[in-house]
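Chain residues, written in single-letter form:
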Amino acid sequence: RNHLHAAGHICVLKDAFMYESPTEIANLTSTEKFDAALAIHLYKGGRLLQGSRIPFGIIFGGTDVNEDIKCKEKHRVMGAVLGEARFAVAFTVKMKELAAAEWPDARKKIYVQTQGIKTTPSDTFDWYRFLQNTDIPTDKGSLHMFLLICGLRRVKDPLYLVDVFSDWHRKDPSVHLGIIGPAVDPLFTSEVKEKVKRAPGVHLLQEVPQDDLHAAMKRCFAVVNSSISEGMSAAILEAMDLDIPVLARNIPGNAAIIKHKETGLLFSDPQEFVVLSKSLMNNPIMEREIVTRAKAYVKKYHSWESERKAYQNLVLRL
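Since the model is a prediction, treat every value here as computed from it, not as a measurement.

## What about the overall build of the protein?
Stage number 1. Regarding its fold elements, the protein presents 14 helices and 10 strands.
Stage number 2. For the protein, with 318 residues in total, the buried portion stands at 51%.
Stage number 3. Within the protein, counting contacts between residues at least 6 apart in sequence, those at least 24 apart form 68% of the total.
Stage number 4. Looking at the protein as shown, the accessible area adds up to about 15900 Å², and 51% of this sits on carbon and sulfur atoms.
Stage number 5. Here the protein holds 42 positive side-chain charges and 38 negative ones, and the gap between their average locations is 4 Å.

## Re the environment of F17
Stage number 1. Turning to its location among the elements, F17 is positioned in the loop between α1 (2–6) and α2 (22–32).
Stage number 2. For F17 and K44, which are 27 residues apart along the polypeptide, the C-alpha to C-alpha distance reads 7.8 Å.

## Points about the packing of helix α12 (residues 270–282) against helix α13 (residues 284–301)
Stage number 1. The contact between α12 and α13 brings their axes to 5 Å, and the two run at 100°. On the basis of their axis angle, the class for α12 and α13 is roughly perpendicular. Of the residues in α13, those touching α12 at S279, L280 and N282 are P284, M286, E287 and I290.
Stage number 2. Residues that form the contact of α12 with α13 fall into these classes: 4 nonpolar, 2 polar and 1 charged.

## Structural notes on the sheet that holds strand β2 (residues 56–59)
Stage number 1. In spatial order, the strands read β1-β2-β3-β4; together these 4 strands make up an open sheet with parallel pairing. Two strands lie at the open edges of the sheet, namely β1 (37–40) and β4 (110–112), each paired on one side alone. Across this sheet, the average inter-strand angle for adjacent strands is 25°, counted without regard to direction.
Stage number 2. Here helix α5 (residues 93–102) sits on the sheet in contact with β3 (87–90) and β4, set at roughly 165° to β4.

Procedures and definitions
In this numbering scheme, every chain counts its residues from 1 along its sequence in written order. Restriction of local features to residues with pLDDT of at least 70 applies here, the model being predicted, together with a cutoff of 80 or more for giving and counting side-chain atom pairs; totals for whole chains, interfaces and linings are based on all residues. The side-chain quantities take in all heavy atoms of the structure and omit both hydrogens and water. Each helix is a run of DSSP H or I of at least 4 residues and each strand a run of E of at least 2, with the numbering of both proceeding from the N terminus. Burial here depends on accessible area, computed with a 1.4 Å probe over protein chains only, as a share of the maximum for the residue type. Under 20% is buried, over 50% is exposed, and the range in between is partly exposed. Residues count as neighbours in contact if any of their non-hydrogen atoms are within 4.5 Å of one another. The Shrake-Rupley method, run with a 1.4 Å probe sphere, supplies the accessible areas, and residue values consider only the shown protein chains as cover. Charge counting treats Lys and Arg as positive and Asp and Glu as negative, with His and both chain ends excluded. To locate a charge, the coordinates of NZ of Lys, CZ of Arg, CG of Asp or CD of Glu are taken. Axis definition: a line fit to C-alpha positions, over the contact stretch in the case of helices; interaxial angles, taken between N-to-C directions, run 0 to 180 degrees. Note on terminology: angles under 35 degrees are roughly parallel, angles over 145 are roughly antiparallel, angles of 65 to 115 are roughly perpendicular, and the others are oblique. The classification used treats Ala, Val, Leu, Ile, Met, Phe, Trp, Tyr, Cys and Pro as nonpolar, Asp, Glu, Lys and Arg as charged, and all other residues, Gly among them, as polar. Any two strands with at least two DSSP-identified bridges between them are counted as paired.

Written out as structure tokens, the structure reads:
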């Protein structure tokens, strides 16, 4: 929205979950007199623009091309939406290729534009109060806080590391894992709460505004991602930008932005996560090198300015 405002457009954000059908969006566009639309996620956002009276573009999310594609009905809807869209944006070449393999006619209209990253850590964030609210001891000297940032839904697999992390915490009380993010799936969220209650060293943290989250990330030892599938994780890129090492599950979306032992660490199972975490804790030189290279990578490939230019040009096609 900021990118489009900067180009002189008026841009209104709406949550796709608030709407049931394309009819509701059609009513909205005619009452509000919108000229064009941009949907995020080919299925969740895109399905609402089917048969739209106004021109629109699509930004792939990740689960649309990675997961929803396996469902016949969603596949059909997404194909129809992509057919009508003026353009589509994929965050990686790999994601573009996946989509183009399913819908070859759309290949020419799919652009690759990585996510631009801009971090804004708050100056007034109180780290100690934040920890006290979660019953994490702040007086024990050394604390190694691992932060898993994700919406609580199955595809993010926040429980993947809980058991091994608890075992590790029993042997080394300085390590703690914090899980933070919105309760996207209420049923699954209660499952997470139950599991975390019985897992020493693992905590479900209160959601905080983004600039506080960025400040919290800066105080952590590492940021963790354990998703089953991922488009392009903004949390990983933000951690890289904030000089925090990243430990991520070895899946295509994560491997597309992390080079193992160069710009971060990739693990294939929970045991390997612990091994890699310990090696990071015991080797500050390796940690510094990883963090330095990761920061340079984000600066080079995830520039906020080039993302701005790309979207401003794409919107002119509408």
